[in-house]
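# An overview of the molecular structure
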Amino acid sequence: MKTLVIAEKPSVAQDIVRALTPVAGKFDKHDDHFENDQYVVTSAVGHLVEIAAPEEFDVKRGKWSFAHLPVLPPYFELKPIDKTKSRLSAVVRLVKRKDVTRLINACDAGREGELIFRLIEQYAGGLKNGSYQGLGKPVQRLWLQSMTPAAIREGFEHLRTNEQMLGLADAARSRSEADWMVGINGTRAMTAFNSRDGGFFLTTVGRVQTPTLSIVVEREEKIRAHRSRDYWEIHASFLAEAGEYPGKWFDPNFKKPTGDDADAELRADRVWNQREALAIAEAVRGKAASVKEESKPTTQASGLLYDLTSLQREANGRFGFSAKTTLQLAQSLYERHKALTYPRTDSRALPEDYLPTVKQTFEMLAGSGMKHLAPHAKTAIDNNYIRPSKRIFDNSKVSDHFAIIPTLQAPSGLSEAEQKLYDLVVRRFLAVFFPSAEFTVTTRITSAVGHHFKTEGKVLVKPGWMAVYGKEAAEDVTDAKEGDKGQNLVPVREGETVRTESVDPKGLKTKPPARYSEATLLGAMEGAGKLVDDDELREAMQEKGLGTPATRAAIIEGLLTEKYMFREGREIIPTAKAFQLMTLLRGLGVEELSKAELTGEWEYKLAQMEHGKLSRAAFMGEIAAMTERMVKKAKEYDRDTIPGNYATLSTACPNCGGVVKENYRRYTCTGSDGNSEGCGFSFGKSPAGRTFEPEEAEQLLRDKKIGPLEGFRSKAGWPFVAEIVIKYNEDDKNWKLEFDFGDDKKGEETGELVDFTGSESLGRCPKCGGAVHEHGSNYVCERAVPTLAQPTPTCDFKSGKIILQQPVAREQMSKLLETGKTDLLDKFVSMRTRRAFKAFLAWDKEAGKVNFEFAPSKFPPRKTAAGAPAKAAPARKAAAKAAPAKKAPAKKAAATKAPRKTTTATGKQPSSALAAVIGEGAVSRPEVVKKLWDYIKANGLQDAKDKRRVNADAKLRPVFGKDQVTMFEIAGIVGQHLS
């Protein structure tokens, strides 16, 4: 009779086998398990089973309508996760073996580890009378917080009983089912509400996703509401016998305001009146001053070891890595290179028995060939720095996993990004054992005619752990680079009188709060419990936050994918769709979905369940009631719009000249006074599920067209890209919004002549040398369509403006025509797999059309069974909507020319106003746009509140014709200045 041990990951199964071998005998290795006379050891690879509504309760048709909501199945079925089906089959086969009479759950020590094992065991037992009973084999729990062989053997000597774990198992299953019920019903109800005027407007919500989005939206609302105020700082320079030193005026009697209405912008060193600032400067200029000084030693310890969230934040701040990228790199260093410990952890401490392993790791680093790290490891060993410390080794601070540290294996063959992340982890690992850095901090108060100036100096005395960071040390010293802080001050004798050499009142403006980056958003998610007012709920969330370290990156990526947010540089900015969702939740009275308190309440109740103080049935009953209430409020809401903060467009109604205003669903004419019913003109805010930004709605109304835009969804839910136009409808005597898919074939078939007068050429046709222009949904050669100059087409060059959902900008097509291929484009979506992929668009001379060209693989070619490299796959010749079916007359394709420079013959002359910004000489439109943006960014002209707006300076005002334009207008303005 044997005992089956199920670990969560293959690496843990191997650790268990190594630990048990000395006491239980040698194990034989099989494809999916290890086995000896006493034990069979296997593992999952994370979750192998997921919950789903039973077939008879699962809504397939009509699931986006209120008719079938709420979906509250009496029980949940278990179904295999597709990508790990084979692993599940192998584990279930072992569970069902007749000689296996006992099971040990060796999954990670926490709620999720408990759930992984329970779902596998119940799935193996099958569904009986509406519930999963398991196989009835005795179950015990291995609870590990350290993975040393001694700790594993001790864990096997103190196995927990199944009864001890039932509370945790109930909490795990309840959390999973509650998330399903709220996510599925919330998403379907909000989608049904937003789609009931027609079309399909997917509106996803979730317990973690929506409060995270709310954090970003609330910050953006504060930025938009911020009104900049003028203030002054008074900076002085004082002359002592030993030299000059700076100082900044401050009010020694200032007290920071408190209370809800407190003005957070008040500071001790700010003067809010220019006259007062000038008076202070005039009063002290050239005057004698007395000095009081206090110096004291201080220390600064290294940061704690990394958990996943702190590693993601640091990597985002230092290298600009997204949370998703950092997780992928850390996972690769763990799985592929075996160089880091398990990364999906929320712990920043190590188990108390891990000191010997740490010493071995230092010895490995000291003896490795890593010259930038080895000397520091050797220093730590030689000086006996590796000692027990509660700050580093603390079992009470170790959860399912311990902190991320290097393993005993020195890595090789790392990519540049992997090397950066590995170095980051190793330096922190080394630094945490080094002594604290020591400083002397000097605070100097200089007083002149009753006014006080503060100077702070901070001098590094002993670098301690900062030696590990070398040249980076200065960046890690708090306040080291903040103007008058961090300097080594010139000395002043006791009782010495100094003279005020110069005084400069600096006029400044208050700034709105900074937008979130991924680093700061991860921090906000981790610390979301602090936002909760209720003491019990805040306590329950203290160590949880929103999401887990393993899921936060996916939550952020999901919000980006669903177009609730977008990245601009390192900033994360919410879209109109995000504001619309928050308006909807507030208007329907279900704003609990957007609050961190919901997670706090769940965590509090799940903790009670773990300790037997709340039943699973009671908790799930509350979740069902909450779900029904949420659906009911959305279903029964009967007003035309939802109250909110809506925009008024500056462009008048095209039908009657009235004022066009935004409401929850539409932009609509409100008459000449802006308060009546208007003429009936309106257009939807979210055609095909994509919400217009206010700037886009403005452009659409002004230009009567916009696009191509991405992010639309068909009624079947498939994404697509399209242009949108507003056209006059004779039947209704009004203007209507329509999708424009560029039906330019009609003209070609009827022989109607195409007029390219006034159209700017993108470059020369690679087939015949003719000029290539925009035409409908394509870029076409002027000789490929009937024109006045050539009624009968003689060329067939054509390439789509949108290819597999990837918009191809004019600049990219110009680049293809000039150099032979575009930049690497990353938003193509396969028609077969629906997956996104990256590729270049390139002119294929042999095929005579535009084709995809893929970047070379980072990985070496696979070996065949005989050991030889596999044959290269044939080059893909999928035409990028290039040549039509008919063959053109046989003609030798023009030889590929070297990239051309823009000349007087091929380019256009800028106006004098434009030339003052970009310089004289012939230019193409793409060159102008690039030079303009270089100028805008170099001079910081993007609006601080909305980076899609550009403020005009003295040079740009004659070009723009006004003080501010949106980024969407620039391309159109450029054309007016080229001739």
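Nothing here was measured: the structure is a model prediction, and the numbers come from that model. (Residues numbered from 1 in each chain as written. Predicted model: local features only at pLDDT ≥ 70, side-chain atom pairs only at ≥ 80, totals over all residues. Heavy atoms only, no water.)

### Concerning the overall build of the chain
Counting its regular elements, the chain contains 26 helices and 36 strands. Across the 979 residues of the chain, 48% fall into the buried class. For the chain, the accessible area works out to roughly 48700 Å², and carbon and sulfur atoms hold 50% of it. (Helix = DSSP H or I, 4+ residues; strand = E, 2+ residues; numbered from the N terminus. Buried < 20%, exposed > 50% of the residue type's maximum accessible area, 1.4 Å probe, protein only. Areas by Shrake-Rupley, 256 points an atom, 1.4 Å probe, with all protein chains shown as cover.)

### As for the packing of aromatic side chains
Tallied over the entire structure, the rule returns 29 aromatic pairs. Ring geometry for W602 against F619: centres 6.1 Å apart, planes inclined by 80 degrees, an arrangement best described as edge-to-face. Here F619 lies in helix 19 (residues 616-636) and W602 lies in helix 18 (residues 597-610), a separation of 17 residues in the sequence. Look at W602 and you get buried, because its relative accessible area is 3%. (Phe/Tyr/Trp six-rings, centres within 6.5 Å; stacked < 30°, edge-to-face > 60°.)

### Observations concerning the sheet that holds strand 21 (residues 666-669)
The antiparallel open sheet is built from three strands, whose spatial order is 20-21-22. Each edge of the sheet is formed by a strand with only one pairing partner; in this case those strands are strand 20 (660-662) and strand 22 (682-684). Geometrically, the sheet is characterised by an average inter-axis angle of 15 degrees between neighbouring strands, direction not taken into account. Relative to the sheet, helix 20 (residues 694-703) contacts strand 20, strand 21 and strand 22, its axis offset from that of strand 22 by approximately 135 degrees. (Pairing = 2+ DSSP bridges. Axes fitted to C-alpha atoms, helices over the stretch in contact; angles between N-to-C directions. Contact = heavy atoms within 4.5 Å.)

### Some points on the packing of helix 3 (residues 111-125) against helix 5 (residues 162-195)
Two elements in contact, helix 3 and helix 5, have axes whose closest approach is 8 Å; the angle formed by their N-to-C orientations is 95 degrees. By the angle between their directions, the pair helix 3 and helix 5 is classed as roughly perpendicular. Contacts from R111, E112, E114, L115, R118, L119 and Q122 of helix 3 reach helix 5 at N162, M165, L166, L168, A169, A171, A172, R173, R175 and S176. Looking at side-chain class alone, the contact of helix 3 with helix 5 contains eight nonpolar, three polar and six charged residues. (Parallel < 35°, antiparallel > 145°, perpendicular 65-115°, else oblique. Nonpolar A, V, L, I, M, F, W, Y, C, P; charged D, E, K, R; others polar.)

### Observations regarding the confidence of the model for the chain
On average, residues of the chain score 85 in pLDDT, and 89% of them are at 70 or above. Here residues 472-484 is modelled with pLDDT under 50, and outside its nearest four sequence neighbours on either side it reaches 25 contacts, counting other chains as well. Throughout residues 862-899 the model reports pLDDT below 50, and contacts reaching past four residues in sequence, or to other chains, amount to 52 contacts. (pLDDT = per-residue confidence, 0-100.)

### A word on helix 8 (residues 308-319)
Here helix 8 contains twelve residues, and its C-alpha end-to-end distance of 16 Å stays within 8% of the 16 Å for a straight helix at 1.5 Å per residue. Of the residues making up helix 8, those classed as buried are L308, T309, S310, L311, Q312, A315 and N316. Residues of helix 8 that are buried in the fold lie against helix 9 (323-335), helix 12 (416-431), helix 14 (518-526) and helix 16 (549-561). (Expected span 1.5 Å × (residues − 1).)

### Some thoughts on the packing of helix 8 against helix 14
Running from amino to carboxyl end, helix 8 crosses helix 14 at an angle of 160 degrees, the nearest separation of the two axes being 8 Å. When the interaxial angle is binned, helix 8 and helix 14 end up roughly antiparallel. Of the two possible hands of crossing, helix 8 and helix 14 adopt the one that is left-handed. Contacts between helix 8 and helix 14 involve T309, Q312, R313, N316 and G317 from the former and E518, A519, L522, G523 and E526 from the latter. (Left-handed = near helix turned anticlockwise from the far one by under 90°.)

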